[in-house]
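Chain by chain, the residues run as shown.
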Amino acid sequence: MSIISRICGSLEARLSQPWVSLWRTVWFNFRTLPFKQAVKLPIYIYGGVKIFQLQGNIAILHPIRKGLIKIGNNTGSFTCKDGSGFVQIVDDSKIIFEGPCEIGANSKVRVVGGTLTIGKNVYISSNVRIICNGADMTIGEGCRIAFETLLMNSGFHFVEDLETGMVSYPSRPITLGSFNWVGNRSTISAGARTKPYTIICSGSLIGKDYTATDGDNQMLGGSPAKVIKTGIRRIFNPETDAKLFEWFKNHPDQSKCSVNDAVGHP
């Protein structure tokens, strides 16, 4: 690939990305944070992300710096900005950021009557919908949530059991363990609980507590999801990732290798 081609490709990639919206960024920070934090602009709002009903609060449990939290950017490049993304924090609800976080383009975050806690170094891809309504939701440290996934902890409407006359509360907490990898177009619904280092296959429905099931490093899949395999984990280290891609490129006839083979350790 020529230098000119690389320069053009880099320029095209940059031009396709949403830019930081200065007025939205300033408004959002001063609307939701204490003044001493807001002046440092720790939250960047990108593109056409809509912000409304910011009646709740945001807490940042991490040393404050500019751009610590990015909402509406598109580093995954799985979509083009369409201006449908929004953040809504109603009444006495709250969002807690425990550290750096990125929320992709066109994603929707709605918090009503609950607390949404997002661990440090969480990456949420594009077109993800997070609906925290009437109960708490926790996304653990280091989680990766792929595009078009839905996290919703409420059915919103009351249903009566005609035999017993009883009505259940429609909202229940969701807790994703640390370093979960959620495949695209999955649905995480009320009552979901997962262990650390869980892999959720694309298109799965997660709506119960998996923390009591045997085995760690679980892979969940299906609708409703079942434990498919245990003792498996995603590799989060980008350097190891790159070396694995290089190994398979140099060994096109191979479908498997050990991490030690790829990184060159004895």
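Above this text sits the structure in question.
Chemist: Would you take a moment to explain unusual backbone geometry for this structure?
Modeler: With glycine set apart, most residues show a phi of negative sign, and most peptide bonds adopt trans. Here Ser-223 and Pro-224 are connected by a cis peptide whose omega angle stands at 0 degrees. If you check the backbone angles, Asn-217 has positive phi at about 50 degrees while not being a glycine. In this structure, Asn-217 sits in the loop between strand 19 (205–206) and strand 20 (219–222).

Chemist: Would you explain the sheet that holds strand 11 (residues 129–133) in this entry?
Modeler: Strand pairing in a sheet relies on backbone hydrogen bonds. The paired strands run either parallel or antiparallel. A sheet is described by the order of its strands in space; here seven strands give the open sequence 2-5-8-11-14-17-19, paired in parallel fashion. Each edge of the open sheet is held by one strand with a lone partner, namely strand 2 (50–54) and strand 19. Here strand 5 (residues 86–90) runs beside strand 8 (residues 108–112); their pairing, made up of five bridges, is parallel. Considered in strand 8, the bridge of Gln-88 is made with Arg-110.

Chemist: I keep staring at the packing of aromatic side chains and nothing clicks. Help me out?
Modeler: Two measures describe an aromatic ring pair: the distance that separates the ring centres and the angle between the ring planes. Here the structure, examined in full by the defined rule, presents five aromatic pairs. Here a set of aromatic residues connected by ring pairs shows up, and it is made of Phe-179, Tyr-197 and Phe-236. The positively charged end of Arg-234 is found above the aromatic ring belonging to Trp-181, 4.8 Å away from the centroid.

Scoring rules and cut-offs
- Residues numbered from 1 in each chain as written.
- Predicted model: local features only at pLDDT ≥ 70, side-chain atom pairs only at ≥ 80, totals over all residues.
- Heavy atoms only, no water.
- Helix = DSSP H or I, 4+ residues; strand = E, 2+ residues; numbered from the N terminus.
- Pairing = 2+ DSSP bridges.
- Phe/Tyr/Trp six-rings, centres within 6.5 Å; stacked < 30°, edge-to-face > 60°.
- Lys NZ or Arg CZ within 6 Å of the ring centre and 35° of its normal.

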